[in-house]
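# Notes for the structure review
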Amino acid sequence: MKVVVMGVAGSGKTTLGVAIAQELDCLFIDADDLHPAENIAHMKSGKPLTDEMRWPWLEACGAALRDNRDVVLGCSALKLAYRECLRSFAPGLRLVYPRVTEEVIRERFKNRTGHFMPDRLIASQFDTLEAPTIEENATLVPMTLPVPRAAQLVASILLAK
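Residues numbered from 1 in each chain as written. Predicted model: local features only at pLDDT ≥ 70, side-chain atom pairs only at ≥ 80, totals over all residues. Heavy atoms only, no water.

Strand order in the open sheet formed by five strands is E2-E3-E1-E4-E5, with parallel pairing between adjacent strands. With one partner strand each, in any of the chains shown, strand E2 (27-30) and strand E5 (139-142) form the two edges of the open sheet. Each neighbouring strand pair of the sheet contributes to a mean axis angle of 20°, computed without reference to strand direction. Relative to strand E3 (residues 71-74), E2 runs parallel, the two sharing four bridges. Across the sheet, Leu27 pairs through a bridge with Val71, a residue of E3. Across the sheet, helix H3 (residues 51-67) touches strand E1 (2-5), E2 and E3, and the angle it forms with E1 is around 145°. (Pairing = 2+ DSSP bridges. Helix = DSSP H or I, 4+ residues; strand = E, 2+ residues; numbered from the N terminus. Axes fitted to C-alpha atoms, helices over the stretch in contact; angles between N-to-C directions. Contact = heavy atoms within 4.5 Å.)

Of the two faces of E5, the one lined by Thr139 and Val141 is fully buried and the one lined by Leu140 and Pro142 carries no buried residue. Taken together, the four bridges between strand E4 (residues 94-99) and E5 define a ladder with parallel strand orientation. When the bridges of E5 are listed, Tyr97 appears paired with Leu140. (Buried < 20%, exposed > 50% of the residue type's maximum accessible area, 1.4 Å probe, protein only.)

Turning next to unusual backbone geometry. For residues that are not glycine, phi is negative in most cases, and the peptide bond is trans in most cases. A positive phi angle, close to 55°, is found at Asp25, a residue other than glycine. Position of Asp25 among the secondary structure elements: in the loop between helix H1 (13-24) and E2. Accessibility expressed as a relative area gives 70% for Asp25, which makes it exposed. For Asn137, which is not a glycine, the phi torsion comes out positive at approximately 55°. For Asn137, the position within the fold is in the loop between helix H6 (122-128) and E5.

What follows concerns the confidence of the model for the protein chain. Keep in mind that low pLDDT regions are not for reading the predicted coordinates in detail. Summarising the model, the protein chain shows a mean pLDDT of 87, and 89% of its residues fall at 70 or more. Taken element by element, the predicted model of the protein chain shows its lowest mean pLDDT in helix H5 (residues 102-110) (65) and its highest in E3 (98). (pLDDT = per-residue confidence, 0-100.)

Right, let's get into the environment of Leu49. When you line up the elements, Leu49 lands in the loop between helix H2 (37-44) and H3. Residue classification places Leu49 among the buried positions, given a relative accessible area of 10%. For the pair Leu49 and Ser124, spaced 75 residues apart in the sequence, the C-alpha separation amounts to 9.6 Å. When neighbours within four sequence positions are excluded, Leu49 is seen to be in contact with His35, Asn39, His42, Met43 and Arg54.

So, on to helix H4 (residues 80-89). Along H4, the residues that are buried comprise Tyr82, Arg83, Cys85 and Leu86. Across the axial projection of H4, the buried residues extend over an arc of 150°, all falling on one side. (Arc of directions from axis to C-beta.)

We now examine the packing of H1 against helix H7 (residues 147-160). Between H1 and H7, whose axes approach to 8 Å, the crossing angle comes to 55°. If you check the angle between H1 and H7, you find them oblique. Here H1 and H7 pass one another in a crossing that is right-handed. On the side of H1, the interface is formed by Thr15, Leu16, Ala19, Ile20, Glu23 and Leu24, while H7 contributes Val147, Ala150, Ala151, Gln152, Val154, Ala155, Leu158 and Leu159. Class assignment for the residues of the contact of H1 with H7 results in eleven nonpolar, two polar and one charged. (Parallel < 35°, antiparallel > 145°, perpendicular 65-115°, else oblique. Left-handed = near helix turned anticlockwise from the far one by under 90°. Nonpolar A, V, L, I, M, F, W, Y, C, P; charged D, E, K, R; others polar.)

What follows is the structure, given as structure tokens:
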């Protein structure tokens, strides 16, 4: 099973992804850990990544999907083209989309510590986001549910497909 939990910074990709991986008995990989140092420094300085900066990172994410049997990857994958890149490494890739409003993200960032993404990049995340379409067959997750319940629900949906 190959799963990507996608969405904007602060949407819960890591928290939900870890819980889903536990439910499915899969490895969890945080795509943030695959960023080169230059990308992290760029974002820390308050600048959004360019596509040229994203492609090598997305290829590293794709390789992580390809090289692991059962894996849940927490990865922004904000554009359809980025998700298609990941699918080229992992045919049959399943998408999970914790859908969260910009207002909720701004509230979450007030309490977020220890992450390289500054709150001034929130708007650029939403500007870049191309929400998955019905053709992508993504599992949309209402993040009003407690994380354990959301993870159980997602796991049951993924196992039924």
